[in-house]
Amino acid sequence: MNSVTQFDCLIDDLIEKNAAFACWFQPSNDSPQLIAGAEDDIIFPGSIQQLSRVRGFVFAPFKMSDNVPAIVLQPAIHLKGYSQIQAFDPGTLVSSPIHRETKAPCLSTEFHDYLVCVNHAIEQINAAKFSKVIVSRRICKERTNESLGSLFLGLHDINPGVFVFVVNLPRAGLWMGATPELLFRSDGRHAQTVSLAATQPRRPDGQYCWFTKEIEEQAFVSRYTVDVLHRFGFSSYQTKGPQDLETATVAHLKTSFFFSGTHIEDRLGEFVGQLFPTPAVCGLPKAEADQFIHTFEPHDRRYYTGFLGPWRLKQSGTDVYVNLRSMEIEDAQYVLYTGGGITARSNPEQEWEETTQKSRTLLNAIETLQEQG
C-alpha cells in the first residue's frame, strides 16, 4: 500500500468513525496537518472575541447562533506530515463518535430564484439601502461511494495554491473545501490580512482585464480593511496590490496588508471579530447587507463564508481563511455553496455564470473521482 493510499484510508476511517478532526494543506505546501481530539477537547466560544483565550483549530460560522456555534478543536493530537499522520491510530481516540444528524435532502437554487434575489439586491442598492451585498446559492450533487480521503487529496492536487481542508466537528458536520481567501495571519510579530474580490474565469495566458464593476467591488473590501486597521491604532502598514490571484478555475483581485502582530497579540479575537465578516462575503454597510442576506437568501449559510484554520498554535501561529469554495457533505449528497458580490453595476445573468465558474473548483474534483470509480 503506497503512502497516498494509506492517507486516503486514514481520512476515510476518521470520517467513518465520525471522529472530531480537522485536516488541511496550507497554500503551496504539500505537507498536510491534522488535529484530532476527544469530546473534552472541543470548545464552543460564546463570541469571536473569546477566541483570544483559546488555541486549536477554529471553525466559525457566517453568523453565530445556538444552532450554529463557533467551534474550537484543541490540539490534543496535532500531527504534521504524511509520516506522522499515517502512523496515527484512530482507535486511540477515547471519545464516543459524534452524533451526525440525518437531514432532509436539500434542493439546488433555481436560476430564476437566484436572478430574482440579485435583481432585488440591485434595486436596494439603487435606492441607497447599501452599496454592496453578497448573494449566494446552493448546488446539490449526488454522492456515490467515492473515497472522501481521495477527494480531499484530489482537491489539493488541482488547487495547490489555496487552503484545502476537511473538517468533521459536532454541531457543524462534515465540510470540505479549497479556499483562496486569507482572513488573518500572525506569527506573533508580523501579521497580514487581504482584501479579495472580483472574479473572472482563469485565462491560459494569465492576462486579465478588470472592468470597473470588478475594481470597485475589490476596492470596497480594501477600504473596509483600512478602516479596521485605523480602528486598532495602526498608523503605518504596508500594502501589496491589487494583483491577480489565480485558482484552478478562476482569478481574483487581491491586495495584501502587512502590519505589526505584537500590537494586537492579546486582542486577536477582538481584531478578527471586527475584520469579519468582510465586505467580500457580506457587503457594505455591514448591518444592512447582513439584514438583506438574512431576509432574502432562501437558505442558511451555516459555516459557508465563516472562517477556519489553525489558531494560536505553537510554531504554526494563527492562519485562518474565509470558508469559500466549500461544501457540506451529507450521507447522500454534496451541498455546495457559491456566491458573488452584487453592486449597482451587476448583471444578474453574469452573476449566475460567475457562481457557476466558482463551483467548478469542487465539481471538477468530485466528477473526476466519480468517473474513475
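Refer to the preceding data block for the structure.
Residues numbered from 1 in each chain as written. Predicted model: local features only at pLDDT ≥ 70, side-chain atom pairs only at ≥ 80, totals over all residues. Heavy atoms only, no water.

Chemist: So what exactly am I meant to see when it comes to the sheet that holds strand S1 (residues 20-25) here?
Modeler: The pairing of strands in a sheet comes from backbone hydrogen bonds and takes either a parallel or an antiparallel form. The 9 strands are arranged S6-S2-S1-S8-S9-S17-S18-S7-S14 in an open sheet whose pairing can be described as antiparallel. The open sheet is flanked by strand S6 (77-80) and strand S14 (283-284), the only strands paired with a single partner. Judged from the 4 bridges that link them, strand S2 (residues 33-37) and S6 form a sheet pairing that is antiparallel. Within the sheet, the bridge partner assigned to Leu-34 lies in S6 and is Leu-79. Each of strand S7 (132-142) and strand S18 (333-342) is contacted by helix H3 (residues 111-126), which is oriented at about 175° to S7, the strand it contacts most. Docked against the sheet, helix H7 (residues 286-296) engages S7 and S14, running at close to 35° with respect to S7. (Pairing = 2+ DSSP bridges. Helix = DSSP H or I, 4+ residues; strand = E, 2+ residues; numbered from the N terminus. Contact = heavy atoms within 4.5 Å. Axes fitted to C-alpha atoms, helices over the stretch in contact; angles between N-to-C directions.)

Chemist: Looking at this structure, I do not really get the pattern of salt bridges. What am I missing?
Modeler: When the charged atoms of two side chains lie near each other, side chains of opposite charge can form a pair. This model, assessed by the stated rule, comprises 13 salt bridges. Arg-267 is paired through a salt bridge with Glu-270; the nearest N and O atoms lie 3.1 Å apart. One salt-bridge network, held together by shared partners, links Lys-141, Arg-360 and Glu-367. (Salt bridge = Lys/Arg side-chain N within 4 Å of Asp/Glu carboxyl O.)

Chemist: Is there a simple way to think about the packing of aromatic side chains in this case?
Modeler: When we look at a pair of aromatic rings, we describe it by the centre distance and by the angle of the planes. According to the stated counting rule, one finds 24 aromatic pairs in the structure shown. The interplanar angle of 50° and the centroid separation of 5.7 Å between the aromatic rings of Phe-259 and Phe-271 together place this pair among those described as tilted. Here the residue Phe-259 occupies a position in strand S13 (residues 250-260), and Phe-271 occupies one in helix H6 (residues 268-275), the gap between them amounting to 12 residues. For the pair shown, Phe-259 and Phe-271 are each scored as buried. The interplanar angle of 70° and the centroid separation of 5.0 Å between the aromatic rings of Phe-276 and Phe-307 together place this pair among those described as edge-to-face. In this pair, Phe-276 is assigned in the loop between H6 and S14 and Phe-307 in strand S15 (residues 307-311), connecting sequence segments 31 residues apart. An aromatic cluster of at least three residues, connected via ring pairs, comprises Phe-59, Trp-175, Tyr-303, Tyr-304 and Tyr-337. Over the face of the ring belonging to Trp-352 we find Arg-137, whose NZ or CZ atom lies 3.5 Å from the ring centre. Here Arg-301 stacks its cationic end above the ring of Phe-62, 4.5 Å away from the centre of that ring. (Phe/Tyr/Trp six-rings, centres within 6.5 Å; stacked < 30°, edge-to-face > 60°. Buried < 20%, exposed > 50% of the residue type's maximum accessible area, 1.4 Å probe, protein only. Lys NZ or Arg CZ within 6 Å of the ring centre and 35° of its normal.)

Chemist: For this particular structure, what's the right way to read the side chain of Glu-217?
Modeler: Along the polypeptide, Glu-217 turns up in helix H5 (residues 212-231). Each residue touching Glu-217, except ones within four places of it in the same chain, is listed here: Lys-132, Ala-197, Ala-198 and Gly-341.

Chemist: Would you mind showing me how to read the pairing of strand S17 (residues 326-329) here?
Modeler: Within a regular strand, the side chains alternate between the two sheet faces. Residues of S17 alternate between two faces, with Ser-326 and Glu-328 on one and Met-327 and Ile-329 on the opposite face, all of them buried. Strand direction decides the pairing type here: strand S9 (residues 173-179) and S17, joined by 3 bridges, are antiparallel. Note on S17: the bridge partner recorded for Trp-175 is Glu-328. As paired elements, S17 and S18 share 3 bridges and run antiparallel to each other. Within the sheet, the bridge partner assigned to Glu-328 lies in S18 and is Val-335. A loop of 3 residues connects S17 with S18, the two strands running antiparallel in sequence.

Chemist: Hey, could you run me through the state of the cysteines in this one?
Modeler: One way to say it: the disulfide is the covalent bond shared by the sulfur atoms of two cysteines. Counted under the stated rule, the structure contains 1 disulfide. Bridging Cys-106 to Cys-140, the disulfide has an S-S length of 2.1 Å. Between Cys-106 and Cys-140 the sulfur-sulfur dihedral comes to about -90°; the bridge is accordingly left-handed. In this pair, Cys-106 is assigned in the loop between helix H2 (81-86) and H3 and Cys-140 in strand S7, connecting sequence segments 34 residues apart. (Disulfide = S-S within 2.5 Å.)

Chemist: When you look at empty space enclosed by the protein in this model, what are you seeing that I'm missing?
Modeler: Once rolled over the atoms, a probe with the size of a water molecule shows which space is left empty. Counted by the stated rule, this structure contains 1 cavity of 30 Å³ or more. Its boundaries defined by the atoms lining it, the largest cavity holds a volume of some 260 Å³. Around the largest cavity, the lining is made up of 26 residues, and of these Ala-280, Leu-324, Arg-325, Gly-339 and Lys-358 lie nearest the centre. Every element with two or more residues in the lining of the largest cavity is listed here: S7, strand S11 (190-201), S18 and helix H8 (348-372). Top contributing element to the lining of the largest cavity by residue count: S18, with 6 residues. (1 Å grid on protein atoms, 1.4 Å probe; cavity = no way out; pocket = protein on both sides within 12 Å on 5 of 7 lines; lining within 4 Å. Points joined across faces, edges and corners; volume = space filled by probe spheres on them.)

Chemist: Looking at this structure, how should I read the sheet that holds strand S10 (residues 182-186)?
Modeler: Taken in spatial order, the 9 strands line up as S3-S5-S4-S15-S16-S10-S11-S13-S12 in an open sheet, and their pairing is antiparallel. Two strands in the sheet have a free side with no partner beyond their single neighbour: strand S3 (42-43) and strand S12 (238-246). The strands touched by H5 are S11, S12 and S13; relative to S11, the strand with the most contacts, the crossing angle is about 165°.

Chemist: Explain the packing of H5 against H6 here, please?
Modeler: A pair of packed helices is characterised by two quantities: the angle between their axes and the separation of those axes. Contact geometry of H5 with H6 gives a least axis separation of 10 Å together with a crossing angle of 150°. With respect to their mutual orientation, H5 and H6 come out roughly antiparallel. The interaxial crossing formed by H5 with H6 has right-handed handedness. Of the residues in H6, those touching H5 at Tyr-224, Thr-225, Val-228, Leu-229 and Arg-231 are Phe-271, Gln-274 and Leu-275. Considered class by class, the residues forming the contact of H5 with H6 number 5 nonpolar, 2 polar and 1 charged. (Parallel < 35°, antiparallel > 145°, perpendicular 65-115°, else oblique. Left-handed = near helix turned anticlockwise from the far one by under 90°. Nonpolar A, V, L, I, M, F, W, Y, C, P; charged D, E, K, R; others polar.)

Chemist: I tried to follow unusual backbone geometry on my own but got confused; where do I start?
Modeler: With the exception of glycine, the majority of residues adopt a negative phi angle, and the majority of peptide bonds are in the trans configuration. Of the consecutive residues Gly-241 and Pro-242, the connecting peptide bond is found in the cis state with omega at 5°. Mapped onto the elements of the fold, Pro-242 is located in strand S12. That bond from Leu-284 to Pro-285 is cis: its omega, -15°, falls within 30 degrees of zero. Within the secondary structure layout, Pro-285 lies in the loop between S14 and H7. Despite not being glycine, Arg-302 shows a phi value in the positive range, around 55°. Structurally, Arg-302 can be placed in the loop between H7 and S15. A relative accessible area of 15% places Arg-302 in the buried class. Located in the positive-phi region is Arg-325, a residue other than glycine, with phi close to 45°. For Arg-325, the position within the fold is in the loop between strand S16 (318-322) and S17.

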